[in-house]
Amino acid sequence: MFNNRIKIKELLAQEPAGQQVTVMGWVRTFRNNQFIALNDGSTNNNLQVVLELGKFPEELLKRITTSASLRAQGVIEPSLGKGQKLDLKATTIEILGDSDAEKYPLQPKKHSLEFLREKTHLRFRTNTFGAIFRVRHTLAFAVHQFFNQKGFIYLHTPIITASDAEGAGEMFRVTTLPMDGTAPKNEEGSVNYKEDFFGRSTNLTVSGQLEGELGATAFGEIYTFGPTFRAENSNTARHLAEFWMIEPEMAFCDLEDNMNLAEEFIKYIIRYAMQHNAEDMQFLDQRLFEEEKQLPPDKRSEMGLLDKLKFVVDNQFERITYTAAIDILRQSNHNKKKKFQYEITGWGMDLQSEHERYLVEKHFKKPVILSNYPAATKAFYMRQNEDGKTVAAMDILVPGIGEIAGGSQREERMDRLTTRMKEMHIPEEELWWYLDTRRFGTVPHAGFGLGFERMVQFVTGMNNIRDVIAFPRTPGSAEF
Ligand code: ATP
Ligand code: MN
């Protein structure tokens with residue numbers, strides 16, 4: 001058996017002074033031919049491995065370089081040095097994998113996030129990315145914990161779909177037909193997808209919602225948590241071409257129930273990460289503080305990361321209608337001074353992210369749930385309100401990010417739904433299976449989609465979405 005190691009996180013928590021242990025990890029630094037800072041990824045805290053001078057051959061010492069991997073055995077002792085409580089006094093060191101210090105791209109110093117994006121494959125080995133991805137893991141775990149405790153069924157909706165009616169975003173086509181112009185053509189001269197792999201044209205999913213509704217109208221409550229693809233040709237710090245979305249869907253649920261669940265859910269997973277990743281969260285709080293020191297005082301956040309998150313979990317989200325939001329925006333000094341890039345033209349306009357961010361960051365200074373949007377700006381499946389103008393939609397906005405989730409009560413009334421589909425030129429034949437939910441035992445139901453990476457951004461305080469997903473997919477970039 002090879003693996004009889006103790007993880008460094010566990011070791012530091014147990015403080016087993018006097019005990020013989022084995023650890024394995026990667027060298028962060030090696031000082032004075034005596035002190036190895038060893039990291040095994042379980043925590044940002046390195047274990048100091050102490051090599052007694054003269055006890056280890058020169059050949060071995062030369063191979064202890066940054067990012068070399070090794071196995072160390074020895075006895076845990078109280079540390080004589082500052083900065084750590086315990087040392088491992090090494091009896092044996094075995095190099096598992098050498099690392100040429102001249103060629104290893106990361107130096108034991110601070111690198112910019114932009115530089116590290118070019119070294120995506122190695123950035124997990126830095127403190128910042130160590131912390132981010134442990135927190136990301138904890139958040140994902142908390143998502144499942146939350147829904148499982150509530151009795152939701154985790155439904156795996158398909159990644160390859162044929163429906164292109166949802167309109168959530170530009171899609172990536174999935175095909176096995178040749179791309180060199182020899183693909184079979186139909187009578188009109190365009191590609192004949194009847195001869196494609198699935199006998200029809202297919203895409204990568206932009207949302208699991210429509211399938212999720214089928215689950216909810218049988219199990220009562222379901223959620224999805226999976227990859228989602230949008231060929232967004234915009235380079236923003238909030239959009240990826242491949243991202244993970246969480247989509248709960250609940251039968252016997254109206255818009256208000258939906259808001260309540262979303263707010264409880266968001267608070268739960270933030271609190272969970274703060275409790276279970278306290279050390280990493282502390283590190284990220286400090287990281288953001290240092291980063292913002294570079295900014296002019298008026299550009300810095302009013303609150304530190306941890307204070308902000310604590311404020312969010314301890315306070316109610318603001319809930320206002322779209323109509324009220326338009327009034328606030330119209331009457332704002334920001335608008336009167338013509339500081340919005342997109343003018344506030346009035347009721348019916350699509351809110352731009354600068355408007356959303358004004359509402360959360362400047363006006364309310366807390367998360368906001370906006371609801372009851374004009375029907376014209378929203379998808380066909382959203383429930384029509386009695387005013388004949390708005391639908392029971394909601395968007396959840398948070399400071400620093402903007403929209404983190406979007407949802408709605410769904411139109412459960414068949415006649416209203418099909419009328420709306422006709423107005424929007426969505427062919428019923430394509431969605432016959434979806435419409436069966438309304439044909440056979442339809443119920444009031446609702447759900448939302450929360451972008452997991454935006455959530456990870458919010459919790460870790462990372463400004464760019466590329467830094468919270470392991471291998472970001474964005475226009476022009478899919479190297480790793
Ligand atoms: P936005 O206006 O920010 O593009 P959207 O209105 O297109 O968002 P929805 O279709 O409602 O978003 O998707 C639900 C959630 O998925 C959003 O609230 C957001 O958190 C997330 N999301 C949407 N598009 C992306 C993307 N390209 N990359 C990462 N997350 C996304
Ligand atoms: Mn979008």
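Every value quoted in this text rests on a predicted model; they were computed, and no experiment measured them. (Residues numbered from 1 in each chain as written. Chains lettered and ligands numbered in written order. Predicted model: local features only at pLDDT ≥ 70, side-chain atom pairs only at ≥ 80, totals over all residues. Heavy atoms only, no water.)

Note: strand S1 (residues 20-31) against strand S4 (residues 69-78), 7 bridges, orientation antiparallel. Residue pairing across strands places Thr-22 opposite Gln-73, the latter belonging to S4. Two strands pair when backbone bridges link them, and S1 and strand S2 (residues 35-39) are joined in this way by 5 bridges, in the antiparallel orientation. Residue pairing for S2: Trp-26 is matched across the bridge by Asn-39. Here S1 folds back onto S2 in antiparallel fashion, the turn holding 3 residues, of which Asn-32 has a positive phi close to 50 degrees. (Pairing = 2+ DSSP bridges. Helix = DSSP H or I, 4+ residues; strand = E, 2+ residues; numbered from the N terminus.)

Time to look at the site of ligand 1. Around ligand 1 sit 15 residues in total, of which Arg-230, His-239, Glu-403, Ile-404 and Arg-454 are the nearest. The separation between an oxygen atom of ligand 1 and a polar side-chain atom of Arg-230 is 2.9 Å. Here Arg-454 contributes a side-chain N or O atom positioned 2.8 Å from an oxygen atom of ligand 1. When ligand 1 is considered free in solution it has 590 Å² of accessible area, and contact with the protein chains removes 79% of it. Secondary-structure elements contributing two or more residues to the shell around ligand 1 are strand S11 (242-251), strand S15 (402-409) and strand S16 (445-451). Considering every element that reaches the shell around ligand 1, the biggest residue donor is S15, with 4 residues. Within the shell around ligand 1, the residues separate by chemical class into 6 nonpolar, 4 polar and 5 charged. (Near = heavy atom within 4 Å. Polar contact = N/O pair within 3.5 Å; in protein donor to acceptor, adjacent residues only side chain to side chain. Areas by Shrake-Rupley, 256 points an atom, 1.4 Å probe, with all protein chains shown as cover. Nonpolar A, V, L, I, M, F, W, Y, C, P; charged D, E, K, R; others polar.)

Let us look at the packing of aromatic side chains. Evaluation of the coordinates by the stated rule reveals 22 aromatic pairs. Both rings, one in Phe-225 and one in Phe-452, keep their centres 5.0 Å apart while their planes meet at 65 degrees; by these two values the pair is edge-to-face. A residue pair is termed long-range when its members are at least 10 positions apart, and Phe-225 in strand S10 (residues 221-229) and Phe-452 in helix H14 (residues 452-460) qualify at 227 residues. A relative accessible area of 2% means that Phe-452 is categorised as buried. Ring geometry for Phe-380 and Tyr-381: centres 5.3 Å apart, planes at 75 degrees, overall edge-to-face. The structure contains a cluster of three or more aromatic residues connected by ring pairs, namely Phe-141, Phe-146, Phe-147, Phe-152, Tyr-154, Tyr-223, Phe-265, Tyr-268, Tyr-272 and Phe-448. Sitting over the ring of Trp-347, Lys-389 keeps its end group 4.7 Å from the ring centre. (Phe/Tyr/Trp six-rings, centres within 6.5 Å; stacked < 30°, edge-to-face > 60°. Buried < 20%, exposed > 50% of the residue type's maximum accessible area, 1.4 Å probe, protein only. Lys NZ or Arg CZ within 6 Å of the ring centre and 35° of its normal.)

Turning to unusual backbone geometry, a few remarks are in order. Residues other than glycine seldom take positive phi values, yet Glu-15 does so here, at roughly 50 degrees. Tracing the backbone shows Glu-15 in the loop between helix H1 (8-14) and S1. In the Ramachandran plot, His-425 falls in the positive-phi region, its phi being about 55 degrees despite a non-glycine side chain.

The biggest cluster of nonpolar side chains holds 65 residues, and the ones touching the most others in it are Phe-265 and Ile-270. When residues no more than four places from it in sequence are discounted, the contact partners of Phe-265 are Val-143, Phe-146, Phe-147, Ile-246, Phe-448 and Leu-450. Core analysis: the next-biggest nonpolar cluster, separate from the first, contains 32 residues, Ala-325, Tyr-358, Tyr-381 and Met-421 among them. (Core = buried A, V, L, I, M, F, W, Y, C linked by side-chain atoms within 4.5 Å. Contact = heavy atoms within 4.5 Å.)

Turning to the side chain of Glu-247, a few remarks are in order. Here Glu-247 shows up in strand S11. Side-chain polar atoms of Glu-247 contact the side chain of Ser-207, separated by 2.8 Å. There is a polar contact of 2.7 Å between the side chain of Glu-247 and the backbone nitrogen of Gly-208. If we ignore the near neighbours within four places in the chain, the residues touching Glu-247 are Ser-207, Gly-208, Gln-209, Ile-222, Tyr-223, Thr-224, Phe-448 and Gly-449.

For helix H12 (residues 414-423), the full list of buried residues reads Leu-417, Thr-418, Arg-420 and Met-421. The buried residues of H12 occupy one face: seen down the axis, they fall within an arc of 160 degrees. Opposite the packed face of H12, turned more than 90 degrees from it, sit the exposed residues Asp-415 and Lys-422. On its buried face, H12 is in contact with helix H13 (432-439). (Arc of directions from axis to C-beta.)

Further remarks concern the pattern of salt bridges. The tally for this structure, following the rule as stated, stands at 31 salt bridges. Here Glu-213 makes a salt bridge to Arg-438, at a shortest N to O gap of 2.7 Å. Residue Glu-213 is found in helix H5 (residues 209-219), and its partner Arg-438 is found in helix H13; the two are separated by 225 residues along the sequence. On the basis of relative accessibility, which here comes to 0%, the residue Glu-213 falls in the buried class. Close ionic contact of Glu-249 with Arg-410 constitutes a salt bridge, the shortest N to O distance being 2.8 Å. Remark: Arg-410 occurs in the loop between S15 and H12 and Glu-249 occurs in strand S11; sequence separation between them is 161 residues. (Salt bridge = Lys/Arg side-chain N within 4 Å of Asp/Glu carboxyl O.)

Once that is clear, we can look at the sheet that holds strand S9 (residues 202-204). In spatial order, the strands read S7-S9-S8; together these 3 strands make up an open sheet with antiparallel pairing. If you trace the sheet from one side to the other, it starts and ends with strand S7 (160-161) and strand S8 (173-174), each paired once. Of the pairings in the sheet, the one linking S7 to S9 comprises 2 bridges and is antiparallel in character. By the bridge assignment for S9, Thr-161 is matched with Asn-203.

The next thing to look at is the environment of Leu-261. Relative to the elements of secondary structure, Leu-261 occurs in helix H6 (residues 255-276). A C-alpha to C-alpha distance of 9.3 Å links Leu-261 and Pro-248, two positions 13 residues apart in sequence. Apart from residues lying up to four places away in sequence, Leu-261 is in contact with Phe-146, Phe-147, Lys-150, Phe-152, Pro-248, Met-250 and Phe-448.

Axis separation between H5 and H13 bottoms out at 10 Å; the angle between their running directions is 30 degrees. The angle between H5 and H13 places the two elements in the roughly parallel class. Every pair of crossing elements has a handedness; the one defined by H5 and H13 is left-handed. Facing Leu-210, Glu-211, Glu-213, Leu-214 and Thr-217 of H5, the residues of H13 in contact are Trp-433, Tyr-434, Thr-437 and Arg-438. (Axes fitted to C-alpha atoms, helices over the stretch in contact; angles between N-to-C directions. Parallel < 35°, antiparallel > 145°, perpendicular 65-115°, else oblique. Left-handed = near helix turned anticlockwise from the far one by under 90°.)

Purely geometric numbers; function is a separate question.
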